[in-house]
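Structural description and commentary
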Amino acid sequence: MLELTNTEFTKLITFIKSNYGINLSQKRTLVNGRLSTTLTETNFKNFSEYFDFILNDKSGNLVRDLINKLTTNHTFFLRETSHFEYYKNTILPIFYNNIPNNDLRVWSAGCSTGEEPYTLSMINNDFFANDKYKWDTKILATDISTRVLNIAKSATYAKDQINNLYPNWKINYFKKLDSNNYQLVDKIKNDVIIRHFNLNINTFPFKKKFHVIFCRNVMIYFDQPTKSILINKFYDFLEHGGYLFIGHSESIKHDETNFRYIMPATYIKD
């Protein structure tokens, strides 16, 4: 197996962090393992040759492929259930009578293979019920990995991935494709807008602010300065009274943000 030199490793992780905010400085074994197979398959002599080839690709496709190889995406339906319960039982009732034009704006940032935004879509559908047609409840779902976004777009999941969902969800919101695969029905699938997005860009392009942002288990790959910048961007792009959910293994430094703590991994913009 080819081994990264110190110079090659430094060059690679500096590029990834500068452009995408992802800190791989402690992931040398992972980086080496995931890329060495690619080098063997493509007949590059070393990592430097491979890396230069990627940087000279004007289409950006090879860089996206590199990100797909180096990012780990692990999620499942109803992960960190307490967040979804709070969203359903507290946030939606508050917003039901307090949002102008019935325009509920929710962002799943780092949506991976789609389980998080589709869970939110099913909750919305249950909550609004017969009033759903009066509301715009489309959820923006973004990720930096095109590989996982393609899975999310298919909205297709194996039987064991939906086993622990509420029985009525499995009945009402999924259609069986074959003995092992199920696909979300259109009314849930079409309420999620899936887009490729880099959280490390200087300025977010959104014209309207969000009421709720989920960015869970994404910032574990960022160093503290990058986290702080991102958290404050989220603050700027939330409406007053809006909520931010982060992963339970993540934290926000209270002296670096104006968010107010609500409960574990849950914050509000007053």
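Scope of this entry: the structure provided in the associated data block. (Residues numbered from 1 in each chain as written. Predicted model: local features only at pLDDT ≥ 70, side-chain atom pairs only at ≥ 80, totals over all residues. Heavy atoms only, no water.)

A few words on the nonpolar core. I16, W107, L199, F234 and L244 are the most contacted members of the largest nonpolar core, which has 46 residues in total. Of the residues forming this core, the biggest block, six residues, is contributed by helix 1 (residues 6-20). One finds I99, L120, A155 and I268 within the second-largest nonpolar core, a separate group that totals 41 residues. (Core = buried A, V, L, I, M, F, W, Y, C linked by side-chain atoms within 4.5 Å. Buried < 20%, exposed > 50% of the residue type's maximum accessible area, 1.4 Å probe, protein only. Helix = DSSP H or I, 4+ residues; strand = E, 2+ residues; numbered from the N terminus.)

This paragraph deals with the sheet that holds strand 3 (residues 156-158). Read across the open sheet, the three strands follow the order 3-5-4; overall the sheet is antiparallel. Where the open sheet ends on each side, the last strands, each with one partner, are strand 3 and strand 4 (174-176). On average, each strand axis in the sheet is inclined to that of its neighbour by 35 degrees, with strand direction left out of account. When strand 4 meets strand 5 (residues 181-184), the two strands line up antiparallel, connected through three bridges. Its bridge partner lying in strand 5, F174 is registered against L184. (Pairing = 2+ DSSP bridges. Axes fitted to C-alpha atoms, helices over the stretch in contact; angles between N-to-C directions.)

Each α-helix winds once per 3.6 residues, and so residues spaced three or four apart point in a common direction. Over its 15 residues, helix 1 extends 21 Å from the first C-alpha to the last, a length consistent with the 21 Å expected when each residue adds 1.5 Å. Within helix 1 the residues assigned to the buried category are E8, F9, L12, I13, F15, I16 and Y20. One side of helix 1 holds all its buried residues, which, seen down the axis, span an arc of 155 degrees. Seen from the buried face of helix 1, the exposed residues on the opposite side, beyond 90 degrees, are N6, T7 and S18. On its buried face, helix 1 sits against helix 2 (28-42), helix 3 (47-55) and helix 4 (61-70). Immediately beyond the C-terminal end of helix 1, within one or two residues, lies G21, with a positive phi of roughly 80 degrees. (Expected span 1.5 Å × (residues − 1). Arc of directions from axis to C-beta. Contact = heavy atoms within 4.5 Å.)

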